[in-house]
Amino acid sequence: MVTIVRVSTALTYPAKFMLAAAMNPCPCGFYGDSQRECTCTPFQIQKYRAKISGPLLDRIDMHIEVPPVKYQELTVDTDGESSLTIRTRVQRARDIQKERFKKFKSVYCNAHMEAKYIRKYCILEKEAEKLLKDAIERLGLSARAYDRILKVSRTIADLEAKEEISSHHIAEAIQYRSLDRNLWM
Amino acid sequence: MADKIEHWLTLNMIPGIGAMRCQKLLEHFGSPQAILEANLNELQHVAGIGEYTARQIVSSRDKLDIEKEISRIKKQKVSVVTFSDDNYPANLKSIFDPPIVLYVKGKLLPEDRIAIAMVGTRRPTTYGKMVAEKLSKELAEREISIVSGLARGIDTSAHKGALSCGGRTIAVLGCGIDICYPPENRALFDEIGKRGVVVSEFPMGTRPEKMNFPMRNRIISGLSLGVVIVEAGFRSGALITAGCALEQGREVFAVPGNIFNLGTKGSHSLIKQGAKLVEECEDIIEEIRCLRDVLPVSPAIKSLREVKLSSEEERVYNLLSFEPIHIDLISKQSGLAINRISSVLMNLEMKGRIRQIVGKMFLRAPEAQ
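Owing to the predicted nature of the structure, the values given are computational and were not obtained by experimental measurement. (Residues numbered from 1 in each chain as written. Chains lettered and ligands numbered in written order. Predicted model: local features only at pLDDT ≥ 70, side-chain atom pairs only at ≥ 80, totals over all residues.)

(A) Seen up close, the overall build of chain B. For chain B, the count of helices and strands is 18 helices and 12 strands. Taken along the three principal axes of its C-alpha coordinates, chain B extends 85 × 45 × 35 Å. Every one of the 369 residues in chain B was classed for burial, and the buried ones make up 45%. Within chain B, contacts between residues separated by at least 24 positions form 70% of all contacts whose residues are at least 6 apart in sequence. (Helix = DSSP H or I, 4+ residues; strand = E, 2+ residues; numbered from the N terminus. Buried ≥ 20, exposed ≤ 12 C-beta atoms within 10 Å, placed from the backbone. Contact = placed C-beta atoms within 7 Å.)

(B) How the structure looks around the overall build of chain A. The helix and strand inventory of chain A stands at eight helices and two strands. Taken from the N to the C terminus, the helices and strands of chain A come in the order β-β-α-α-α-α-α-α-α-α. Over its C-alpha atoms, taken along the principal directions, chain A stretches across nearly 55 × 55 × 35 Å. Out of the 185 residues in chain A, the part that is buried amounts to 22%. Considering only residue pairs separated by 6 or more positions, chain A has 57% of its internal contacts joining residues 24 or more positions apart.

(C) Main features of the sheet that holds strand β12 (residues 361–364) of chain B. All names here are of chain B. Here three strands make up an open sheet; going across it, the order is β10-β12-β11 and the pairing antiparallel. The open sheet has two free edges, formed respectively by β10 (325–326) and β11 (354–357), since each of these has just one partner strand. Note: β10 against β12, two bridges, orientation antiparallel. Bridging across to β12, histidine 326 finds its partner in methionine 361. The sheet contacts of helix α18 (residues 338–350) involve β11 and β12, and relative to β11 the element is tilted by about 115°. (Pairing = 2+ DSSP bridges. Axes fitted to C-alpha atoms, helices over the stretch in contact; angles between N-to-C directions.)

(D) Summary view of the confidence of the model for chain B. Model confidence for chain B is summarised by a mean pLDDT of 88, while 93% of its residues fall at 70 or above. With pTM at 0.72, the complex prediction returns an ipTM value of 0.76. (pLDDT = per-residue confidence, 0-100.)

(E) Spatial organisation of helix α9 (residues 154–164) of chain B. All names here are of chain B. Among the 11 residues of α9, 10 are classified as buried, and the element is accordingly described as predominantly covered. For α9, the full list of buried residues reads Ile154, Asp155, Thr156, Ser157, Ala158, His159, Lys160, Gly161, Ala162 and Leu163. Buried residues along α9 sit in contact with β3 (115–119), α8 (126–141), β4 (145–148), β5 (169–172) and α10 (186–195). Within two residues after α9, glycine 166 carries a phi angle of roughly 75°, on the positive side.

(F) Layout of the interface of chain A and chain B. The partner chain B presents 17 residues to the 20 residues of chain A that form the contact. Within the residue set of the side of chain A that touches chain B, elements represented by two or more residues are α1 (42–49), α6 (126–139) and α8 (167–175) of chain A. If one sorts the elements of the side of chain A that touches chain B by residue count, α8 of chain A sits on top with five residues. Across the side of chain A that touches chain B, the residue classes tally to 11 nonpolar, five polar and four charged. (Nonpolar A, V, L, I, M, F, W, Y, C, P; charged D, E, K, R; others polar.)

(G) View of the pairing of strand β2 (residues 10–13) of chain A. Residues and elements named next belong to chain A. One ladder, built from four bridges, connects strand β1 (residues 2–5) with β2; its direction is antiparallel. The residue bridging threonine 3 from the neighbouring strand is threonine 12, located in β2. From the end of β1 to the start of β2, which pair antiparallel, there are four residues.

(H) Seen up close, the packing of α9 of chain B against α10 of chain B. Residues and elements named next belong to chain B. Between α9 and α10, the least distance of the axes is 11 Å, while the angle of their chain directions is 45°. In this view, α9 runs oblique relative to α10, as classed from their interaxial angle. For the pair α9 and α10, the crossing hand works out as left-handed. Across the interface between the two elements, Thr156, His159, Lys160 and Leu163 of α9 pack against Leu188, Glu191, Ile192 and Arg195 of α10. Across the contact of α9 with α10, the residue classes tally to three nonpolar, two polar and three charged. (Parallel < 35°, antiparallel > 145°, perpendicular 65-115°, else oblique. Left-handed = near helix turned anticlockwise from the far one by under 90°.)

(I) Main features of the nonpolar core. In terms of nonpolar packing, the biggest core is built from 83 residues, with Ile116, Met118, Val228 and Ile229 of chain B touching the most fellow members. It is α8 of chain B that contributes the most residues to this core, seven residues altogether. Counting only domains with at least three residues in this core, you end up with domain 1 (1–64) and domain 2 (106–297) of chain B. In contact with methionine 118 of chain B, other than residues within four places in its own chain, are Ala132, Leu135, Ser136, Ile146, Ser148, Ala158, Val228 and Val230 of chain B. Core analysis: the next-biggest nonpolar cluster, separate from the first, contains 29 residues, Ala128, Ala135 and Ile165 of chain A together with Met346 of chain B among them. (Core = buried A, V, L, I, M, F, W, Y, C linked by C-beta atoms within 7 Å. Domains from an automatic or database assignment.)

(J) Region of interest: the sheet that holds β3 of chain B. Residue and element names in this part refer to chain B. Spatial ordering of the open sheet is given by β1-β2-β6-β5-β4-β3-β7-β8-β9, a layout of nine strands whose pairing is mixed. The sheet is open, and its two borders are formed by β1 (79–82) and β9 (276–277), each paired with just one other strand. Bridge analysis of β1 against strand β2 (residues 101–106) gives four bridges, and the strand direction is antiparallel. Counterpart to valine 81 in the pairing with β2 is leucine 102. Contacting β3, β7 (226–229) and β8 (251–254), helix α12 (residues 237–247) crosses the sheet at an angle of about 155° to β7.

(K) A look at the environment of glutamate 133 of chain B. Relative to the helices and strands, glutamate 133 of chain B is located in helix α8. Residues glutamate 133 of chain B and serine 164 of chain B lie 31 residues apart in sequence; the distance between their C-alpha atoms is 8.9 Å.

(L) Inspection of the packing of helix α7 (residues 143–159) of chain A against α8 of chain A at higher detail. Residue and element names in this part refer to chain A. Where α7 contacts α8, the two axes come as close as 8 Å, and the packing angle between them is 125°. When the interaxial angle is binned, α7 and α8 end up oblique. For α7 against α8, the interelement crossing comes out right-handed. For the pair α7 and α8, contact is made by Ile149, Val152, Ser153, Ile156 and Ala157 and by His169, Ile170, Glu172, Ala173 and Ile174, respectively. Among the residues making up the contact of α7 with α8, the classes are represented as seven nonpolar, two polar and one charged.

So this is what it looks like as structure tokens:
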């Protein structure tokens, strides 16, 4: 929720939304491209990336790098999963979450969890805990990223209908935080 | 001694006389103070100093604001090492045109005599960056100081590699020591100032002008026993450093690269001319006699090789090479779904066996080889 206070009144608006955004890796768009060379200087890339501040980036759960698709790959049909099977899997995970949070007002899915619920529902297996601790130390992830990783790994575990979060769930969740990791410099 | 340093600094700041002419003047007059007190007639009779240069010395020596220079040096916590000081680097003293003054951040140690320079392109490939980091780390682990120019690309990787294992590294600047160029290397600059040395022959406030860099390159090779060129194009500044090294009687080493990459033409031409091809740090150590007895392989690297992999991890690791490949391709080749492969790759990364680079690309980590 967002509360805006002006001289005469204070208004509270609902602000629960899902954000999907896209950006280029650098001003010219070719940084990290295997086919074409990027013409930006490291300084330019740094400046470009700094437009999205760390705290803002921390609040985005999943960062996915998408390489350019070659013409050949566009035209060849591959046997990916159909949306229908994915839909049933997602629906099942949503049901698990609805069941989990039915006691609480205004919490419907993992993304809505506050810190206290995270401690309660994101129970890690021993090995997963160790992996997360190592990753935070080695990859220099922030405390905010830590909570995000827990939530995302909770969802990944739900998709497999698992009660406890194991290390491969955590590992997958960490893979979705590539922008935190200074791979770009 | 304070006034003496002032004289050295003044001499260094007079425009139009470089290291060569300074040496000639010093030979003739004996001390910087005598040079600064000499009259026009005396000056122009020194071999190699014409009337024009003599006039320039006379006209500019009193105009220089040496007080300001000294206060800037104090403010920036920089120390000054002159040609006559005991801690002036021994290697540098032996070259043809040594700088008469070095502005220093950090501390020059006698151990820095055992030094190797590593330079290369400012626009490296991932391969080039990895090679520079690996070689410099391995050399630094054997207590060899790594000298480079704090430029973008290979230079940066070389410094980082040495720092990553707690080794010593020396950065030689092409601008005043109060200026950090390129600006994005600020953190690295400070780190080297703390744990290694940053040096420059240029007066405070000197901008990073194009013409400064070839001059800086002679110091890079001069401080070292040998120079390793990692990736250099046809007209790269790294080739100037290699040229300086040859003139100064230093060893020249070059790392081979991909022949389709224009960025390695320069290093390959060096190999054709007789520079030693380098695949591992032993290739460098072998060539330089006084390095032979320095430390064997450190225990940290050995333990990395002994980390156990699960059968799945083993399978994925075997798919990877030193050429980066995209996660989708790894998933396709291994037959593992993308979520599964993500976690396997993550585990491999945590075990230090592979590395991830920009664009969700993965490759083997060189240090685990």
